[in-house]
Amino acid sequence: MSWASLGRTLLGRLGGMLVVLSLVSVLVFLLTRLASGDPMALLLGDQASLQDIAEARQRFGLDQSLFTQYLLWLGEVLKGNLGQSIFLQMPVSQVLLDRAEPTAWLAIFSVALAMLIGVPCGIASAVWRGRWVDQCVSTLAMLGASMPSFWMGLMVIQLLAVGAGWFPVSGYGDPNADWLTRLHHLMLPALVLGTLNSALIIRFTRASMLDILSEDYIRTARSKGLTESTVVLKHALRNALVPILTVLGLTLALMVGGAVVTETVFNLPGLGNLVVRAVLRRDYPVIQGALLVIAGVYVVINFTIDVLYVFVDPRVRHG
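Residues numbered from 1 in each chain as written. Predicted model: local features only at pLDDT ≥ 70, side-chain atom pairs only at ≥ 80, totals over all residues. Heavy atoms only, no water.

### Structural notes on the overall build of the protein chain
Next up, step 1: A count of helical and extended segments in the protein chain gives 15 helices and zero strands.
Next up, step 2: Counting only C-alpha atoms and orienting by the principal axes, one finds that the protein chain spans roughly 85 × 60 × 35 Å.
Next up, step 3: Counting across all 319 residues of the protein chain, residues that qualify as buried make up 38%.
Next up, step 4: Summarising the internal contacts of the protein chain: among those between residues at least 6 apart in sequence, 73% fall at separations of at least 24.
Next up, step 5: The protein chain carries 22 positive and 19 negative side-chain charges, and their two centres are separated by 12 Å. (Helix = DSSP H or I, 4+ residues; strand = E, 2+ residues; numbered from the N terminus. Buried < 20%, exposed > 50% of the residue type's maximum accessible area, 1.4 Å probe, protein only. Contact = heavy atoms within 4.5 Å. Lys, Arg positive; Asp, Glu negative; His and termini not counted. Charge placed at Lys NZ, Arg CZ, Asp CG, Glu CD.)

Written out as structure tokens, the structure reads:
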């Protein structure tokens, strides 16, 4: 594959990203509007009259048809304006920026921990296939894949925060806290997310390494007298990186969009917690903006992984 052909392929992927985001915008808009509950009734309270609710709906443009509302919202999104929060009375973009830091750091720390656990364990499981190491790692991966994150979160809070007192129970520290304090608050939720998501990385790494270790060139490398560590790390792991890189990218994307339960358990002021509260309040602009941004992060990560393939595997360039 030449560089020109590769460029056309990446441009095609970029076009696919735009199509995906367009479909996501339609689905997000429709799902928020089809949910039961009137945001104006929740905003004004039980004492509001029907006339008050009708006037508020007109003020926020909710009295228009769904098609008109979608076109107006989409037009503002294309201008970079995600709208105004109904309850917080702030621009949605500002609300998201204020809540993005905890979620971003939580996702980064969690995927780093998942990688540090998953890749070595997957390699060890493949190298010692069928032995006690493989059995133990496979059992732990199965437990991690089936364990609910909220249950593990409550357990580590009870053991390490309440019992041992090593970590704070919840929160993200004071508004003026330094980064060490922030990191201290993120350790437990990152431990929960990283440990549970390492199960998928273990399984993918093991499967990928098993495929590579059965290739002829691996047997040739061993016959030349190379050490086992050189064969495994230099020859096998390097050629197994493409599927491993894929699952790492997917894990990071899923952590950005799927940390809702963990953020709620640990009371982190992140995007997940924000979305939960916005759903309870029927704050349409915040729900739409947050989900659209999360979807955008997801497709950008996938596009970045496609680009990284070029540097990880030369066959992508020259195949």
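### Concerning the pattern of salt bridges
Next up, step 1: Scanning all chains against the criterion turns up two salt bridges.
Next up, step 2: Here Lys79 makes a salt bridge to Glu76, at a shortest N to O gap of 3.9 Å.
Next up, step 3: Residue Asp134 is joined to Arg206 by a salt bridge in which the shortest nitrogen-to-oxygen separation is 2.9 Å. Of the two residues, Asp134 sits in helix α6 (residues 132–146) while Arg206 sits in helix α8 (residues 179–213), which places them 72 residues apart along the sequence. (Salt bridge = Lys/Arg side-chain N within 4 Å of Asp/Glu carboxyl O.)

### A look at the domain arrangement of the protein chain
Next up, step 1: In terms of domains, the protein chain is made up of domain 1 (3–92) and domain 2 (98–283 + 294–311).
Next up, step 2: Between the C-alpha centres of domain 1 and domain 2 the distance comes to 32 Å.
Next up, step 3: With 19 residues of domain 1 at the contact, the number on the domain 2 side is 13 residues.
Next up, step 4: At the junction of domain 1 with domain 2, the criterion picks out zero salt bridges.
Next up, step 5: Linking domain 1 with domain 2 are three residue pairs in polar contact (both at pLDDT 80 or more).
Next up, step 6: Listing elements by their share of the side of domain 1 that touches domain 2, those giving two or more residues are α1 (3–34) and α2 (39–44).
Next up, step 7: In terms of residues, the side of domain 1 that touches domain 2 owes the most to one element, α1, which gives nine residues. (Domains from an automatic or database assignment. Polar contact = N/O pair within 3.5 Å; in protein donor to acceptor, adjacent residues only side chain to side chain.)

### Notes on the confidence of the model for the protein chain
Next up, step 1: Summarising the model, the protein chain shows a mean pLDDT of 81, and 93% of its residues fall at 70 or more.
Next up, step 2: Helix α15 (residues 314–318) is the least confidently modelled element of the protein chain, averaging 53 in pLDDT, while helix α5 (residues 92–127) averages 88, the highest of any element. (pLDDT = per-residue confidence, 0-100.)

### Things to note about the nonpolar core
Next up, step 1: Counting residues in hydrophobic clusters, the biggest one holds 23 residues, and the most contacted among them are Ile123, Ile201, Met209, Ile218, Ala236 and Ile244.
Next up, step 2: Sequence-distant contacts of Ile201, defined by excluding residues within four places in its chain, comprise Ala114, Met115, Gly118, Val119, Val247, Leu248 and Thr251. (Core = buried A, V, L, I, M, F, W, Y, C linked by side-chain atoms within 4.5 Å.)

### Some details on a nonpolar patch on the surface
Next up, step 1: A surface patch of nonpolar side chains, amounting to about 580 Å² of accessible area, comprises Phe150, Trp151, Leu154, Met155, Leu159 and Val261.
Next up, step 2: It is helix α7 (residues 149–163) that contributes the most residues to the nonpolar patch, five residues altogether.
Next up, step 3: Looking at the element boundaries, Phe150 is found in helix α7.
Next up, step 4: Assessed through its relative accessible area of 46%, Phe150 is described here as partly exposed. (Patch = residues over 30% accessible without salt bridge, like charges linked within 9 Å, V, L, I, M, F, W, Y side chains within 5 Å. Areas by Shrake-Rupley, 256 points an atom, 1.4 Å probe, with all protein chains shown as cover.)

### Digging into the layout of surface pockets
Next up, step 1: Each pocket or cavity is described by its volume, and for the largest pocket that value is around 410 Å³.
Next up, step 2: Ranked by the residues each element gives to the lining of the largest pocket, the list is headed by helix α4 (residues 66–78), at four residues. (1 Å grid on protein atoms, 1.4 Å probe; cavity = no way out; pocket = protein on both sides within 12 Å on 5 of 7 lines; lining within 4 Å. Points joined across faces, edges and corners; volume = space filled by probe spheres on them.)

### Thoughts on empty space enclosed by the protein
Next up, step 1: Applying the stated rule across the entire model yields one cavity of 30 Å³ or more.
Next up, step 2: Its residues assigned to classes, the lining of the largest cavity comprises five nonpolar, three polar and no charged. (Nonpolar A, V, L, I, M, F, W, Y, C, P; charged D, E, K, R; others polar.)

### A look at α8
Next up, step 1: The terminal C-alpha atoms of α8 lie 43 Å apart, and with 35 residues this falls more than 12% below the ideal 51 Å at 1.5 Å per residue.
Next up, step 2: Of all bends in α8, the biggest is about 40°, found at Met187, and the proline Pro189 comes one to four residues later. (Expected span 1.5 Å × (residues − 1). Bend = angle between axes of the 7 residues up to and from the residue.)

### A word on unusual backbone geometry
Next up, step 1: The backbone phi angle of Asn267 is positive, close to 55°, even though this residue is not glycine.
Next up, step 2: The topology assignment puts Asn267 in the loop between α12 (260–265) and α13 (271–281).
Next up, step 3: On the accessibility criterion, Asn267 (39% relative accessible area) is partly exposed.
Next up, step 4: In this structure, Arg282 takes a positive phi of about 60° despite not being glycine.
Next up, step 5: Looking at the element boundaries, Arg282 is found in the loop between α13 and α14 (284–312).

### Some words on the environment of Gly75
Next up, step 1: Positionally, Gly75 belongs in helix α4.
Next up, step 2: Residues Gly75 and Val19, spaced 56 residues apart in sequence, show a C-alpha to C-alpha distance of 16 Å.

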